[in-house]
Amino acid sequence: SPAVQAATAGNLALLRRSEVWGLILCRLLIGPVVQFYWYWTPEYLFRERGLSLQAIGLFAWIPFLFGDIGNIGGGWLAGRLMRRGVSLTRARRITMYGGAMLCLLSFAVPHAGSAAFAIAAICIVLLGHTCLSANFFARISDLAHETEVSRVTGLTGVAGGLSGMLFPLLTGRLVDQVSYTPVFLLAALMPLAGVVLLDRLSRRAPQHA
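What you are looking at is a predicted structure, and each value in this text was computed from that prediction instead of being measured. (Residues numbered from 1 in each chain as written. Predicted model: local features only at pLDDT ≥ 70, side-chain atom pairs only at ≥ 80, totals over all residues. Heavy atoms only, no water.)

**Digging into a nonpolar patch on the surface**
Phase 1: Together, Leu162, Met165, Leu166 and Leu169 line one region of the surface with nonpolar side chains, adding up to about 410 Å² of accessible area.
Phase 2: By relative accessible area, which is 60% here, Leu169 ends up exposed. (Patch = residues over 30% accessible without salt bridge, like charges linked within 9 Å, V, L, I, M, F, W, Y side chains within 5 Å. Areas by Shrake-Rupley, 256 points an atom, 1.4 Å probe, with all protein chains shown as cover. Salt bridge = Lys/Arg side-chain N within 4 Å of Asp/Glu carboxyl O. Buried < 20%, exposed > 50% of the residue type's maximum accessible area, 1.4 Å probe, protein only.)

Now the structure itself:
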């Protein structure tokens, strides 16, 4: 039966499926973006925006509050859409593409006219990113059989760990040799690229939710 086959499928069998690669590549691309904002926002506000450490302490937490709102709101929005008759796949597309579109505002951060506008843009980006991420992790259980969810999540975690290790190295090199601008551009585009890849590679996959 399909359930027995799913239960006995090894990692190599999982890697033959396009939807699993869609999940892996999506996490590879979306994972480092939020980490960039976690670890580099204080340094950016200090170096590029001239904020004191006291000011950073007063204001730098606000974007992460918006991230919490996106985490909760992303799941709530998908559920509300489905209760109103929207299909599971379409609800995920709406929330993930919508979140990725908000992430595009990352490109505006280095061009903002003031630190306040830069922080406001970061707030919107983190709101969008966590809305996307909440639905990404739910998408794993949509596309993988219940016996596969932990292993598929683990495979995506390997991809997230790899990009989470490499992207900070690239960030440091770009900041030192160019500026923050190309890093914010990458942070703007990577979530959308990840969602597109997942959408394309999972079009024909069965839904398990």
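**Here's the deal with the nonpolar core**
Phase 1: Membership of the largest hydrophobic core comes to 31 residues, with the highest contact counts inside it found for Phe36, Tyr37, Leu45, Leu51, Val109, Tyr180 and Phe184.
Phase 2: Breaking this core down by element, the ones donating at least two residues are helix 3 (18–47), helix 4 (53–59), helix 7 (115–143), helix 8 (149–177) and helix 9 (181–201).
Phase 3: Excluding anything up to four places from it in sequence, Leu51 contacts Leu45, Phe46, Ile56, Ala115 and Ile119.
Phase 4: Residues Met96, Phe136, Ile140 and Ala205 belong to the second largest nonpolar core, which totals 19 residues. (Core = buried A, V, L, I, M, F, W, Y, C linked by side-chain atoms within 4.5 Å. Helix = DSSP H or I, 4+ residues; strand = E, 2+ residues; numbered from the N terminus. Contact = heavy atoms within 4.5 Å.)

**Examining the confidence of the model for the protein chain**
Phase 1: This prediction gives the protein chain a mean pLDDT of 93; 95% of its residues lie at or above 70.
Phase 2: Under a pLDDT of 50 for its full length, residues 3–8 has, in the predicted model, seven contacts with residues more than four places off or in other chains. (pLDDT = per-residue confidence, 0-100.)

**Here we look at the packing of aromatic side chains**
Aromatic rings considered in pairs are described by the distance between their centres and by the relative angle of their planes.
Phase 1: Scanning the entire structure with this criterion turns up 10 aromatic pairs.
Phase 2: Ring centres 6.1 Å apart and planes at 80 degrees place the aromatic pair Trp38 and Tyr39 in the edge-to-face group.
Phase 3: With relative accessibility at 44%, the residue Trp38 sits in the partly exposed group.
Phase 4: With relative accessibility at 60%, the residue Tyr39 sits in the exposed group. (Phe/Tyr/Trp six-rings, centres within 6.5 Å; stacked < 30°, edge-to-face > 60°.)

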